[in-house]
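As a plain string of letters, each chain reads:
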Amino acid sequence: MQTIINQQIPDFSVDAFVDGDFKTVTSADLKGKWAILFFYPADFTFVCPTELVDMAESYDKFKELGAEVYSVSTDSKFTHKAWHDSSDSIKKVKFPMLSDKTGALSEYFGVMNPDDFMAYRGTFVINPEGKIKIAEIQDNGIGRNAEELLRKLEAAQFVAEHGDQVCPARWRPGQQTLKPGIDLVGKI
């Protein structure tokens, strides 16, 4: 399998439900800022609403970091709206809910489950130039954590700004980073 880390996102145009309205979201909309693509299997399911609410409750923090969140499933924009309208939890979602009806985005990002045409849980952090910096895929029974994703976004942004430094495990802004070099080998 070939990695997609540091690959350019593909050109795309998809329908979306965004805070009460239908819109079109394209790859151009992701450029110029940090973006999070947050793939999930389907609307009206079990783990998915817990994750989307977690992301919704952290949405302002993502925005403060200059990042836009895009949730993505193979459901239609109409299904996204129906879920939003019928669920007090999903009413909290203000970020774009993308409709990957053709499965093209899910295929490109390697999250498509061919057995049921639903995405696995995939999280991708994309830099302002449109390059994928973080890629994580997990099975559908395992929920994700917005707080950890925020930490990883902060680390990716730090590394982008300070190319000579890297962030160790559990790094948080303000903590010590590392400068790779021969003097660190075997000392960490």
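Residues numbered from 1 in each chain as written. Predicted model: local features only at pLDDT ≥ 70, side-chain atom pairs only at ≥ 80, totals over all residues. Heavy atoms only, no water.

Participant: Quick question: what am I supposed to make of the packing of helix H2 (residues 47-64) against helix H5 (residues 146-161) here?
Facilitator: Close contact between H2 and H5 brings their axes to 9 Å; oriented N to C, the two are set at 30 degrees. By the angle between their directions, the pair H2 and H5 is classed as roughly parallel. The crossing of H2 and H5 is right-handed. Across from Asp54, Met55, Ser58, Lys61 and Phe62 in H2, the residues of H5 making contact are Ala146, Leu149, Leu150 and Leu153. For the contact of H2 with H5, a count of residues per class yields six nonpolar, one polar and two charged. (Axes fitted to C-alpha atoms, helices over the stretch in contact; angles between N-to-C directions. Helix = DSSP H or I, 4+ residues; strand = E, 2+ residues; numbered from the N terminus. Parallel < 35°, antiparallel > 145°, perpendicular 65-115°, else oblique. Left-handed = near helix turned anticlockwise from the far one by under 90°. Contact = heavy atoms within 4.5 Å. Nonpolar A, V, L, I, M, F, W, Y, C, P; charged D, E, K, R; others polar.)

Participant: Could you clarify how one ought to interpret the pattern of salt bridges in this entry?
Facilitator: Pairs may arise between side chains of opposite charge once their charged atoms sit close together. For the structure shown, the criterion picks out 13 salt bridges. Of the charged contacts in the structure, one is a salt bridge between Lys81 and Asp85, with a shortest N-O distance of 2.4 Å. Placement of the pair is Lys81 and Asp85 together in helix H3 (residues 77-86), with a separation of four residues, close to one helical turn. With relative accessibility at 30%, the residue Lys81 sits in the partly exposed group. Exposure remark for Asp85: the relative accessible area of 41% places this residue in the partly exposed category. (Salt bridge = Lys/Arg side-chain N within 4 Å of Asp/Glu carboxyl O. Buried < 20%, exposed > 50% of the residue type's maximum accessible area, 1.4 Å probe, protein only.)

Participant: Help me understand the nonpolar core, please; the structure alone is not making it clear to me.
Facilitator: Grouped burial of nonpolar side chains is what soluble globular proteins tend to show. Among the nonpolar cores identified, the biggest contains 25 residues, and Leu52, Met55, Phe62, Phe95 and Met97 are the most heavily contacted of them. Breaking this core down by element, the ones donating at least two residues are strand S3 (34-39), H2, strand S4 (67-73) and H5. If one sorts the elements of this core by residue count, H2 sits on top with six residues. In this view, Phe62 contacts Ile36, Met55, Ala67, Val69, Ala146, Leu149, Leu150 and Leu153; residues no more than four positions away in its chain are not counted. With 21 residues, the next largest nonpolar core counts Phe12, Leu98, Ala119 and Ile126 among its residues. (Core = buried A, V, L, I, M, F, W, Y, C linked by side-chain atoms within 4.5 Å.)

Participant: Before we go on, may I ask you to explain H5 in this structure?
Facilitator: Residues three or four positions apart in an α-helix share a direction because the helix packs 3.6 residues into each turn. With 16 residues, H5 should reach 22 Å at 1.5 Å per residue; the first-to-last C-alpha distance of 22 Å fits that figure. For H5, the set of buried residues is Ala146, Leu149, Leu150, Arg151, Lys152, Leu153, Ala155, Ala156, Gln157 and Phe158. The inward-facing, buried residues of H5 contact S3, H2, S4, strand S8 (121-126) and strand S9 (132-138). Its side-chain oxygen placed 2.7 Å from the backbone nitrogen of Glu147, Asn145 serves as the N-cap of H5. (Expected span 1.5 Å × (residues − 1). Polar contact = N/O pair within 3.5 Å; in protein donor to acceptor, adjacent residues only side chain to side chain.)

Participant: Would you mind showing me how to read the packing of aromatic side chains here?
Facilitator: When we look at a pair of aromatic rings, we describe it by the centre distance and by the angle of the planes. Scanning the model with the defined rule gives ten aromatic pairs in all. Arranged with centres 6.1 Å apart and planes meeting at 35 degrees, the rings of Tyr40 and Trp83 form a pair that is tilted. Here Trp83 lies in helix H3 and Tyr40 lies in the loop between S3 and H2, a separation of 43 residues in the sequence. Here the aromatic rings of Phe158 and Trp171 are separated by 5.2 Å at their centres, their planes lie at 50 degrees, and the arrangement is tilted. Highlighted residues: Phe158 in helix H5 and Trp171 in the segment after H5, separated in sequence by 13 residues. Taken as a pair, Phe158 and Trp171 share a single burial class, namely buried. Connected via pairs of aromatic rings, a cluster forms that spans Phe39, Tyr108, Phe109 and Phe124. In this structure, Lys77 is placed above the aromatic ring of Phe22, and the distance from its NZ or CZ to the ring centre is 5.0 Å. Against the face of Phe38 rests Arg144, its NZ or CZ located 3.7 Å from the ring centre. (Phe/Tyr/Trp six-rings, centres within 6.5 Å; stacked < 30°, edge-to-face > 60°. Lys NZ or Arg CZ within 6 Å of the ring centre and 35° of its normal.)

Participant: Looking at this structure, how should I read the side chain of Lys152?
Facilitator: Its location among the elements puts Lys152 in helix H5. We classify Lys152 as buried; its relative accessible area is 18%. Residues within four places of Lys152 in sequence aside, it is in contact with Ile134 and Glu136.

Don't take any of this as a statement about function, it's just geometry.
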